[in-house]
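Take a look at the letters that make up each chain.
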Amino acid sequence: MVSSQVPLTPEELQSELQQIEVNSRTLLRVTTSRALVAQTPKEAIWTLNKAKLYRYIPVVPAEQRHKVPLLLVFALMNKPYILDLRPGNSFIEYMVKQGYDVYLLDWGVPGLEDKDLNFDNYVLDYLTRVIRKVKAVSGSKEFSMLGWCIGAILTTIYAALRPDDGLKNLLLLTAPLDFTDKKAGGFVRWVNDKSFDPGKIVSAFGNVPGEMIDYGAKALKPVENYIGSYLTLWDNLDNPRIVESWHAMNTWVTDLIPMAGATYLQLIKELYQENRLIQGKMVIRGERVDLSRIHANLLNVIALADHISPPCQSESIMTKVSSQDQLLLKVKGGHIGMMAGSGALKFTWPHIDSWLAERSE
Amino acid sequence: MSDQSETTNPLDPFESMNTLWETNLKNLKSMRDTSLESWSKMMIDMVNSDEYSQATGQWLDTYLTMSQPMKRIIDMTMTQVLTGLNMPMRSDVTSLAERLTNIEMRMDDQDAKLDDILHTMQTLSASNHPADVSTVTPTHPNNGSHATGEIHAAKMKGKNTGVSSTSKTDAVQHKAKGEH
């Protein structure tokens, strides 16, 4: 941002002032406006309550496409367009170009009327219907499913409850599944303190406000999130590539949505505090979630620098499932950066593609 | 450093000033980054400590406990006012929304069943009259609806298509496995 030369002549001074003006405008624009995101062409093919299922318009001829469709399931507390952030930096765009028939489940923004929605509803009422629709539209009896963060919890539960429903490939990204280590990461520590009562939060707010969840995520790395991010922008204001990338990411980070109260309660109590899922004690609408029933091909991607879902929370599922074909992929980067950062296009996405392509015929 | 002194003209004071400015700027930036890094490490250690968890938990608990009575009063007042005005309350609206979602789910199931029926009909027609597939359903609506009923009945005997029904079947099978 600041010139490394002292302006000496009036012309140089004028040029310097012009640069400062341009940079100030850029700063104002990217911190106060929303970037154009989710640009990959798509159509909504199914809706239920606030949830929508999108199918991305294929760009590869039908005969060259992979036969098994790919369903993407993102977390509940953020918008799913992180998977389609902006042209050139979009996992969805990349996968569509690689010849996949891509579907994205957008859970929508829960209203107060949805405060009683829990994992039971999301898995058995929503996800089962979404999968039925994907199979009907694609004409394929088999499908692949990718779950990221809490989306990975939902897809894992589904895979365990309906192992013979045609799920061929299960891809988990930064999946928080095992909470045995009560000292691993800030979240686990905070919610396991005896003074922390999730029931009180839910009874006070109904749905857990997006701002509260956002504060929790940012407070794990406060200096990076509240100061470092803005300093990076300041230092690179004359670099359009970094500025536009920052703008898109900031748009996503500040696009907050609340979490249904009952889901939050279940997440904190049954998973973070009681660790029921990995122990095989979780019950969804009367059915026990037995991870050993999962036999789909499994790709488990973990981020080595993940401070939200530390690697130890994601690794142990490999020994719990019955999948013969399984791979644990460790990548550099953080919880989001792994899939949306600059290294994603060079490393994470090609690895996912090469693993999935072999298993999608 | 030695390269720099070789290219610097000692008789040009402005060039020396530029070099000085540049060096100072680099030093300042490096100092800033170093201090931020150490600050960051310190803060991460702090938020990962038991003391922080305890303090945050207690603060949140106090806030929620303190705000509850006020919230209860507001809720009660609103309920009384809305009842007095003969207007629906929040609970009425939310229960209506829940009912709408249930209707949506049933419609979705019906839609899926219709798709299944249509697909079965097309498959059957194709196997009976391979050359006449495209004319089956749309051109003979009466025959089509009659056939739909028959095929639907046959299909329901042979295969369970609904999501909720499938869930029940799976649940029973799972229970049976557990018992044996």
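Residues numbered from 1 in each chain as written. Chains lettered and ligands numbered in written order. Predicted model: local features only at pLDDT ≥ 70, side-chain atom pairs only at ≥ 80, totals over all residues. Heavy atoms only, no water.

1. Concerning the nonpolar core
One recurring pattern in soluble globular proteins: nonpolar side chains tend to sit buried together. Residue and element names in this part refer to chain A. Our working definition: Nonpolar cores were defined as sets of buried Ala, Val, Leu, Ile, Met, Phe, Trp, Tyr and Cys residues, with membership established by side-chain atoms within 4.5 Å. Only protein chains enter the area calculation, which uses a 1.4 Å probe; residues under 20% of their type maximum are buried, those over 50% are exposed, and those in between are partly exposed. Whether two residues are in contact is decided by their heavy atoms, any of which lying within 4.5 Å being enough.
Of all hydrophobic cores here, the largest spans 118 residues; its most connected members are Leu 71, Leu 83, Phe 119, Ile 150 and Ile 157. With sequence-adjacent residues up to four places away left out, Phe 119 is seen in contact with Leu 124, Ile 150, Ile 153, Leu 154, Ile 157, Thr 263, Gln 266, Leu 267, Leu 271, Met 282 and Ile 284. Counting 5 residues, the second largest nonpolar core, distinct from the first, contains Val 30, Leu 237, Val 243 and Trp 246.

2. Structural notes on the interface of chain B and chain A
One frequently used descriptor of interface size is the decrease in accessible area upon assembly of the parts. Put simply, the test is: Accessible area that two parts lose when put together, with a 1.4 Å probe and added across both, is what the buried area reports. The salt bridge definition used is simple: a Lys or Arg side-chain nitrogen within 4 Å of an Asp or Glu carboxyl oxygen. In the analysis that follows, any N or O atom pair within 3.5 Å is treated as a polar contact, provided that within protein one partner can donate a hydrogen and the other can accept it, and provided that, for residues neighboring in sequence, both atoms belong to side chains. Under the scheme used here, helices are H or I runs from DSSP no shorter than 4 residues and strands are E runs no shorter than 2 residues, and both carry numbers assigned from the N terminus. The classification used treats Ala, Val, Leu, Ile, Met, Phe, Trp, Tyr, Cys and Pro as nonpolar, Asp, Glu, Lys and Arg as charged, and all other residues, Gly among them, as polar.
In this complex, chain B contributes 48 residues to the contact, which on the side of chain A involves 49 residues. Around 4200 Å² of area is buried between chain B and chain A when both sides are counted, 56% of it from carbon and sulfur atoms. On inspection of chain B and its partner chain A, the count reaches 8 salt bridges. Inspection of the chain B/chain A interface yields 16 residue pairs in polar contact (both at pLDDT 80 or more). Of all the secondary structure elements, the ones that give two or more residues to the side of chain B that touches chain A are helix 2 (13-47), helix 3 (50-84), helix 4 (90-128) and helix 7 (163-179) of chain B. The biggest single contributor to the side of chain B that touches chain A is helix 2 of chain B, with 14 residues. In terms of residue class, the side of chain B that touches chain A is built from 18 nonpolar, 16 polar and 14 charged.

3. Here's the deal with the pairing of strand 9 (residues 297-303) of chain A
Residue and element names in this part refer to chain A. Inclusion rule: Two strands make a pair as long as DSSP finds a minimum of two bridges between them.
Where burial is concerned, most of strand 9 is hidden: 7 out of the 7 residues are buried. A two-sided burial pattern is seen for strand 9, the buried positions comprising Asn 297, Leu 299, Val 301 and Ala 303 on one face and Leu 298, Asn 300 and Ile 302 on the other. Sheet topology note: the strand 6 (residues 167-173)/strand 9 ladder contains 5 bridges and is parallel. When the sheet's bridge partners are listed, Leu 172 is paired in strand 9 with Asn 300. When strand 9 meets strand 10 (residues 326-331), the two strands line up parallel, connected through 6 bridges. Opposite Asn 300, over in strand 10, you have Leu 328 as the bridge partner.

4. Comments concerning unusual backbone geometry
Residue and element names in this part refer to chain A. In this structure, Ala 38 takes a positive phi of about 50 degrees despite not being glycine. Examined against the element boundaries, Ala 38 turns out to sit in the loop between helix 1 (10-32) and strand 1 (42-48). Ala 38 sits in the partly exposed class, given a relative accessible area of 23%. Despite not being glycine, Cys 149 has its phi angle at roughly 60 degrees, a positive value. Structurally, the position occupied by Cys 149 is in the loop between strand 5 (143-148) and helix 4 (150-161). For Cys 149, a relative accessible area of 10% translates into the label buried.

5. Considerations on the packing of aromatic side chains
All names here are of chain A. Using the following cut-off: Classification of ring pairs rests on two measures: the distance between centres of Phe, Tyr or Trp rings, Trp counted by its six-membered ring, which must be within 6.5 Å, and the angle between planes, read as stacked under 30 degrees, edge-to-face over 60 and tilted in between.
Applying the stated criterion across every chain yields a total of 12 aromatic pairs over all chains. Ring plane angle 65 degrees and centroid distance 5.6 Å describe the contact between Tyr 230 and Trp 246, whose orientation is recorded as edge-to-face. You can see Tyr 230 sitting in helix 8 (residues 222-235) and its partner Trp 246 sitting in helix 9 (residues 240-253), a full 16 residues away along the chain. Given a relative accessible area of 10%, Trp 246 falls into the buried group.

6. Some details on the pattern of salt bridges
Pairs can form between side chains of opposite charge whenever their charged atoms are close. Under the defined criterion, the tally for this structure stands at 29 salt bridges over all chains. Put simply, Lys 183 of chain A and Asp 50 of chain B hold a salt bridge, and the shortest N to O gap is 3.3 Å. With Lys 183 of chain A in the loop between strand 6 and helix 5 (186-191) and Asp 50 of chain B in helix 3, this pair bridges two chains. Judged by its relative accessible area of 48%, Lys 183 of chain A falls in the partly exposed class. The class of Asp 50 of chain B is partly exposed, set by a relative accessible area of 38%.

7. Concerning the state of the cysteines
Filter applied, for reference: Here, the term disulfide refers to a pair of cysteine sulfur atoms separated by no more than 2.5 Å.
Evaluated as defined, the whole model comprises 0 disulfides over all chains. Considering cysteine sulfurs only, Cys 312 of chain A is the nearest to Cys 149 of chain A, which forms no disulfide, with 14 Å between them.

8. Topic: the packing of helix 6 (residues 198-205) of chain A against helix 10 (residues 261-273) of chain A
All names here are of chain A. Put simply, the rule reads: Axes, fitted as lines to C-alpha atoms, cover a helix only where it is in contact. Angles between the N-to-C directions of the axes lie from 0 to 180 degrees. Working definition: roughly parallel below 35 degrees, roughly antiparallel above 145 degrees, roughly perpendicular at 65 to 115 degrees, and oblique for all remaining angles.
At a minimum axis distance of 9 Å, the contact between helix 6 and helix 10 shows a crossing angle of 175 degrees. Here helix 10 runs roughly antiparallel to helix 6, going by the angle between their axes. Taking contact as the criterion, the partners of Pro 198, Gly 199, Ile 201 and Val 202 in helix 6 are, on helix 10, Gly 261, Tyr 264, Leu 265, Ile 268, Lys 269 and Gln 273. Partitioning the contact of helix 6 with helix 10 into residue classes produces 6 nonpolar, 3 polar and 1 charged.

9. Structural notes on the pairing of strand 5 of chain A
Residue and element names in this part refer to chain A. For the record, the criterion: If the strands point away from the viewer and the path from the first strand over the helix to the second runs clockwise, then the crossover is right-handed.
Most of strand 5 sits inside the fold, with 6 of its 6 residues counted as buried. Neither face of strand 5 is left uncovered, since the one carrying Phe 143, Met 145 and Gly 147 and the one carrying Ser 144, Leu 146 and Trp 148 both have all their residues buried. Across 6 bridges, strand 5 lies against strand 6 in parallel orientation. Bridge assignment links Phe 143 to a residue of strand 6, and that residue is Leu 167. For the segment spanning strand 5, helix 4 and strand 6, crossover handedness is right-handed.

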